[in-house]
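# Notes for the structure review
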Amino acid sequence: MSLFQPAQLGAFKLRNRILMAPLGRARSDKELRIPLPRVATYYQQRASAGLIISEASHVSPYSVSRPGGSAIHTEAQAQGWKPVTAAVHAAGGLIVQQLFHLGRKAHPSRLPGHALPVAPSAIAAQGLAETAEGPQAFPVPRVLDISEIPGIVAEFQQAARYSKQAGFDGVEIHAANGYLIDQFLRDGTNQRTDDYGGSVENRARLLLEIVDAVLEVFGPDRLGVRLSPHFDLDGIQDSNPAALYSYVAEQLQARGIAYLHLIEPDSIPAERRLAPRLRELFQGALVLAGEFDQQRAQQALEQGRADFIAFGRLFIANPDLVERFRRQAPLNTPDTASFYIGEDQGYIDYPFLAPQRASA
Ligand SMILES: Cc1cc2nc3c(=O)[nH]c(=O)nc-3n(C[C@H](O)[C@H](O)[C@H](O)COP(=O)(O)O)c2cc1C
């Protein structure tokens, strides 16, 4: 199986198995959180990916990260995404929108009325939040009352409706990287004693309710879920990841969603890897992400460890990554300083390969 082989992914006919991973680049309007014209240019430049997964987009006004982070909880934001999806489609590409809620990873200084961020339990994230006054500790979050949980589910569903209105081909639920859904999934951050805490079934309830709500908007063949069992940067952890993620995979299989997107770099020791187990339990497509280069990606496909590979940083620096892989051409180096800050520079000015001349 080759990276360049076209393949079906749920409802989508992909031109290749090279996916663009979700990458928050903070290039939207700072107050309205609406994509600026350069966002359409950025994604159109990368439309040769088999499928683009958009940057994580906030589903709630109470989920606010750095200025320029994009959102999808107002009509104006839905309108603002239209030129982005149109630009990708005009270039023959496909784009799904990643939806997320920060939960405890928000900082009060950025939230309406300086509200505390919400979370399953009153456990602060380790590390520092970026604020206008510089890096500051994350606060102890406010515990979501059980009566508030339907509201969170409804925010994801409404966001999916806006995604559809904006012309996205589908959505990916962001249940990874220590954000709200991940905080519910793992027992290090979820110490609730109600229906949303304790057992694996209870901790997965929020995710599955969100999936079910979004399924009323997009069919299962247009829905993916992203998981990151190894992410622990902010102190998040789980006492039995194999049990937790096996249950999640079984439940997603029962719902027939298009794909499972697992962040599991090859550097994770074999005995801790979950992909083999999840692949047995989940018969939809498996997308792997994390530190892949062309060779490792090709190997993972050939060994049947994944169906698709998502590339993050390589797509930041190489809008024509697919073509560079095809020609085995040198890759541009990503400029980390402009990952999350800036305007056009380091965003839409990475050079493309010169067109290949027909041989004489
Ligand atoms: C600048 C930047 C922004 C990111 N934003 C997101 C995001 O919005 N959602 C997400 O799930 N992961 C996000 N990630 C993680 C990437 O999707 C990917 O999993 C990670 O970079 C590892 O893949 P790579 O080694 O191919 O870059 C981000 C990573 C970077 C470097």
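Residues numbered from 1 in each chain as written. Predicted model: local features only at pLDDT ≥ 70, side-chain atom pairs only at ≥ 80, totals over all residues. Heavy atoms only, no water.

- As annotated in an unreviewed UniProt entry, the chain carries the name N-ethylmaleimide reductase and comes from Azomonas agilis.
- Recorded in UniProt for the chain, the comment headed Cofactor (unreviewed entry) runs: "FMN". (UniProt positions renumbered as here; feature names shortened; annotations may be inferred.)

### Observations regarding the pattern of salt bridges
- For the structure on display, the rule yields 16 salt bridges.
- A salt bridge links Glu280 to Arg277; the nearest nitrogen and oxygen atoms lie 3.4 Å apart. Residue Glu280 and its partner Arg277 are both found in helix H8 (residues 275-281); the two are separated by three residues, about one turn of the helix.
- With relative accessibility at 55%, the residue Glu280 sits in the exposed group. (Salt bridge = Lys/Arg side-chain N within 4 Å of Asp/Glu carboxyl O. Helix = DSSP H or I, 4+ residues; strand = E, 2+ residues; numbered from the N terminus. Buried < 20%, exposed > 50% of the residue type's maximum accessible area, 1.4 Å probe, protein only.)

### Considerations on the packing of aromatic side chains
- Following the criterion strictly, the structure yields six aromatic pairs and no others.
- When the centroid spacing of 4.1 Å and the interplanar angle of 15 degrees are considered together, the rings of Tyr42 and Tyr347 count as stacked. Of the two residues, Tyr42 sits in helix H1 (residues 37-45) while Tyr347 sits in the segment after helix H11 (321-327), which places them 305 residues apart along the sequence. An identical accessibility class is assigned to Tyr42 and Tyr347; each is buried.
- Between Phe339 and Tyr340, the ring centres sit 6.3 Å apart and the planes meet at 85 degrees, which makes this aromatic pair edge-to-face.
- Residue classification places Phe339 among the buried residues on the basis of a relative accessible area of 10%.
- On the basis of relative accessible area, Tyr340 is assigned to the partly exposed category, the value being 44%. (Phe/Tyr/Trp six-rings, centres within 6.5 Å; stacked < 30°, edge-to-face > 60°.)

### Regarding the nonpolar core
- The biggest cluster of nonpolar side chains holds 87 residues, and the ones touching the most others in it are Tyr43, Ile309 and Phe311.
- Ignoring anything within four residues of it in the chain, the contact list for Tyr43 reads Met20, Leu23, Ile52, Ser54, Glu55, Trp81, Val84, Val88 and Ile95.
- Within the second largest apolar cluster, 17 residues are counted, among which are Ala21, Leu94, Ala258 and Val287. (Core = buried A, V, L, I, M, F, W, Y, C linked by side-chain atoms within 4.5 Å. Contact = heavy atoms within 4.5 Å.)

### A few points about the sheet that holds strand E11 (residues 223-227)
- The sheet built from eight strands closes into a barrel, its strands ordered E3-E4-E5-E10-E11-E12-E13-E14 with parallel pairing. Within the sheet, the average angular offset between the axes of one strand and its neighbour, ignoring direction, is 25 degrees.
- Across four bridges, the pairing between strand E5 (residues 95-100) and strand E10 (residues 170-174) is parallel. Within the sheet, the bridge partner assigned to Gln97 lies in E10 and is Val171.
- Running over the sheet, helix H2 (residues 75-90) touches strand E4 (51-58) and E5 and is turned about 145 degrees from E5. (Pairing = 2+ DSSP bridges. Axes fitted to C-alpha atoms, helices over the stretch in contact; angles between N-to-C directions.)

### Structural notes on helix H3 (residues 149-165)
- Given a rise of 1.5 Å per residue, 17 residues ought to cover 24 Å, and the 25 Å separating the end C-alpha atoms of H3 matches this to within 8%.
- All buried positions along H3 are accounted for by Ile149, Ile152, Val153, Phe156, Gln157, Ala159, Ala160, Tyr162 and Ser163.
- Next to the buried residues of H3 lie H2, E5, E10, helix H4 (180-185) and helix H6 (205-215).
- Looking one or two residues beyond H3, the residue adopting positive phi is Gly167, at roughly 95 degrees. (Expected span 1.5 Å × (residues − 1).)

### With respect to the side chain of Arg33
- When you line up the elements, Arg33 lands in the loop between strand E3 (18-20) and H1.
- In contact with Arg33, other than residues within four places in its own chain, are Ser28, His58, Ser60, Pro61, Ser63, Val64, Gly69, Ser70, Ala71, His73 and Gln77.

### Quick look at the site of the ligand
- Around the ligand, the surrounding shell holds 17 residues, and the nearest of these are Pro22, Arg226, Glu291, Gly312 and Arg313.
- In the model, an oxygen atom of the ligand is placed 2.7 Å from a nitrogen or oxygen of the Pro22 main chain.
- A distance of 3.0 Å is found between an oxygen atom of the ligand and a backbone nitrogen or oxygen belonging to Ala56.
- Considering the ligand on its own, with 610 Å² of exposed area, one finds that the protein chains cover 87% of that surface.
- Within the shell around the ligand, the residues separate by chemical class into eight nonpolar, six polar and three charged. (Near = heavy atom within 4 Å. Polar contact = N/O pair within 3.5 Å; in protein donor to acceptor, adjacent residues only side chain to side chain. Areas by Shrake-Rupley, 256 points an atom, 1.4 Å probe, with all protein chains shown as cover. Nonpolar A, V, L, I, M, F, W, Y, C, P; charged D, E, K, R; others polar.)

### As for the pairing of strand E12 (residues 259-263)
- In terms of residue burial, E12 counts as a mostly covered element, since five of its five residues are buried.
- Residue alternation in E12 divides its side chains into two sets, Tyr259, His261 and Ile263 and Leu260 and Leu262, and both sets are buried.
- Crossover handedness for the path E11 to helix H7 (residues 241-255) to E12: right-handed.
- In this structure, E12 lies alongside strand E13 (residues 285-289), joined through five bridges in parallel fashion. Bridged to Leu260 within E13 is Leu286.
- As for the winding sense of the linkage, the β-α-β connection from E12 through H8 to E13 is right-handed. (Right-handed = clockwise from strand over helix to strand, strands pointing away.)

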